[in-house]
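Survey of secondary and tertiary structure
Okay, here's what each chain looks like letter by letter:
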Amino acid sequence: MDKNTLALAIALLSGSVLVGCNGSSNNNPVTDTPPTADDDGNDGNNSDSGILVFAASDSGGSVVQPRGVTALAAAPSEFLYKTDGTPDGTIKIVDDNGNGFEVGRFGSGYMAELDGTFYFAGKDSNGDVELWATDGTGAGTERVADIYPNGNGQPHNMVPAAGKLFMNAVVDGFGRELVVYDPVSGNKQVLSSNINGSPTSNTSPTSLTSVDDGLFFFDRAAGDIYFTDGTLAGTAKIATNNDTTNDPNSSLAKYPELIEDGDWLGYNGKLLFTGRFNVLDAETRLYELDRNGVIKEISFDDGGNTVRLAITQNVVASNGKVYFVADSTAGLHIFEYDGSTVTNLTTREGSRPYQQNLTGTSLGVFMPVERRDSGVDPYLFYVDNTGGSTGIGGALRGPTGRANSFSLAFNLVDVDGTVFFTATAEGSGGADFGIELWKTDGNNPGTQLVKDINDQTAGADSVPSPLIPIAYQVPPTVTGSLEGKYFFFANDGSQGFEPWVSDGTEQGTILLKDINPGAASSLFD
């Protein structure tokens, strides 16, 4: 693998590559209309029928360019596409005049799905980006909210919660706030502009994290955590960091001064997050906060002794429980938290090779392991929690007598009990492959290469990467013909980075559409 390909793989691993279609601007009459459906509640073109809406560009250039070195203004225009999982059903959404609907994005999470309707940051013919919705048809694509009537709303970080759609958007000349859209009434409301008593503030909410009855969010500049149920009356500051509140009688909970807000997790109606309590605490802790501001540090009871845990990797959920890697008095281990008790899962694991991020799935928890310095072949470490009790599965490397093995596994995605991932093939026979698509069912026989997508030359890479994560902050619900299928983009060596789909078989792994014809790509970062 050359240096350019490795750099691209790293960018994909970090989730920085976007799906992006060229056409004319949205010239439909711009009115704010809540989405509607036929009398049966299903217009035949929404996600209940099995479609996925995404953005693409037919002028994206021949290579994927890093956003850090490509000016946003110079990036190709993106337009709405939809797919039903077949090449014939992968088409551009256009109006009666053949005009496409342009997508405008200002950060990740510029699309969302709620109750079968797809929402997106849409750009009109004047260049204003506001909240739009689509049912997958041109007639059913329209602006539903003008968030900033005198400017450009630029909504992103869209998160469905409690039957409503929350987002970070520009609402006035002062900056970004938390906005909620109610699809039933068609009303929008700004929830955070006056919450701190300053109507000229710029809350710029981040880390929008949904739970069953609402949403947690963070004002990083002010150091405040909020909870909202989607109403102005139900939006309140519940915690502040420990360097801004010195009043011992304050009702606000104190959370770590050095919070890590990029990996929040909603669990049992509460918020889990990591951080250091202050600059003198060199270790990262795991904290739990409820909607009333009650906070506690998650610790481990080691036979009657309370052990503070230093979190070293990410925190994930799987089958109703939470998993993380932490350093305790006995060294590095994987722990399980069920909402009340912390359990050490790897007390008998002598080597403890836990240096990589975890991925939570319906099969359990996976972690790629690379230990070549110890003479150990790469493998997937597996925590099986599907049988009622949690156990450490074997090292997943593939079937006995395999023709090739894998290394540098990343982009693990659970699709109805099959975990797809991207990895470099190696070993006997592996020289013919590069960075390609793999899958596992939690067993060695079921851990195998799906397809050598880029077979133009020996060792060529297709670098498969999930289609959804950047456009959708919360994965859309897919049903019908889309169930059990993995949507991703890849480069087959002749048609650039384009959308693909896989059912887990070589024959069922196919190119959906060469949106940007020829060797050019429809994808850009």
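In the block above lies the structure referred to throughout.
Everything in this summary refers to the structure shown in the same document.

1. With respect to the overall build of the protein chain
Of the regular secondary structure elements, the protein chain holds one helix and 41 strands. Carbon together with sulfur atoms contributes 46% to the accessible area of the protein chain, which is approximately 21,100 Å² in total.

2. What about the sheet that holds strand E29 (residues 359-361)?
Taken together, the four strands give an open sheet; going across it, the order is E29-E30-E31-E32, and neighbouring strands pair in antiparallel fashion. If you trace the sheet from one side to the other, it starts and ends with E29 and strand E32 (391-392), each paired once. As paired strands, E29 and strand E30 (residues 364-371) are joined by three bridges and run antiparallel to one another. Bridging across to E30, Gly360 finds its partner in Val365.

3. Observations regarding empty space enclosed by the protein
Computed from the structure, the largest cavity encloses a volume of approximately 30 Å³. Forming the boundary of the largest cavity are ten residues, of which Val53, Phe54, Leu467, Ala471 and Tyr472 lie nearest the centre. For the lining of the largest cavity, the element with the highest residue contribution is strand E2 (residues 52-56), accounting for four residues. Residues that form the lining of the largest cavity fall into these classes: ten nonpolar, no polar and no charged.

4. Details of the pattern of salt bridges
Within this structure, the stated rule accounts for nine salt bridges. For the salt bridge of Asp146 with Arg143, the shortest nitrogen-to-oxygen distance reads 4.0 Å. Each of the two residues, Asp146 as well as Arg143, counts as buried. In this structure, Lys237 and Asp224 form a salt bridge, with 3.4 Å as the shortest nitrogen-oxygen distance. Of the two residues, Lys237 is situated in strand E17 (residues 235-241) and Asp224 in strand E16 (residues 224-228); the sequence distance between them amounts to 13 residues. Classification of Lys237 as partly exposed rests on a relative accessible area of 30%. Overall, the relative accessible area of 5% leaves Asp224 in the buried class.

5. Here we look at the packing of aromatic side chains
The full count for this structure, using the stated rule, is 19 aromatic pairs. Here the aromatic rings of Phe217 and Tyr226 are separated by 4.9 Å at their centres, their planes lie at 5°, and the arrangement is stacked. Tyr226 shares its class with Phe217; the two are buried. Over the ring of Phe79 we find Lys92, and its NZ or CZ is 5.0 Å from the ring centre.

6. Looking at the pairing of E2
Counting buried positions along E2 gives five out of five residues, so the element sits mostly inside the fold. Residue alternation in E2 divides its side chains into two sets, Leu52, Phe54 and Ala56 and Val53 and Ala55, and both sets are buried. In terms of strand pairing, E2 meets strand E3 (residues 78-83) through five bridges, oriented antiparallel. Within E3, the residue paired with Ala56 across the bridge is Phe79.

What counts as what
- Residues numbered from 1 in each chain as written.
- Predicted model: local features only at pLDDT ≥ 70, side-chain atom pairs only at ≥ 80, totals over all residues.
- Heavy atoms only, no water.
- Helix = DSSP H or I, 4+ residues; strand = E, 2+ residues; numbered from the N terminus.
- Areas by Shrake-Rupley, 256 points an atom, 1.4 Å probe, with all protein chains shown as cover.
- Pairing = 2+ DSSP bridges.
- 1 Å grid on protein atoms, 1.4 Å probe; cavity = no way out; pocket = protein on both sides within 12 Å on 5 of 7 lines; lining within 4 Å.
- Points joined across faces, edges and corners; volume = space filled by probe spheres on them.
- Nonpolar A, V, L, I, M, F, W, Y, C, P; charged D, E, K, R; others polar.
- Salt bridge = Lys/Arg side-chain N within 4 Å of Asp/Glu carboxyl O.
- Buried < 20%, exposed > 50% of the residue type's maximum accessible area, 1.4 Å probe, protein only.
- Phe/Tyr/Trp six-rings, centres within 6.5 Å; stacked < 30°, edge-to-face > 60°.
- Lys NZ or Arg CZ within 6 Å of the ring centre and 35° of its normal.

Everything listed is a geometric property; what it means functionally is a separate question.
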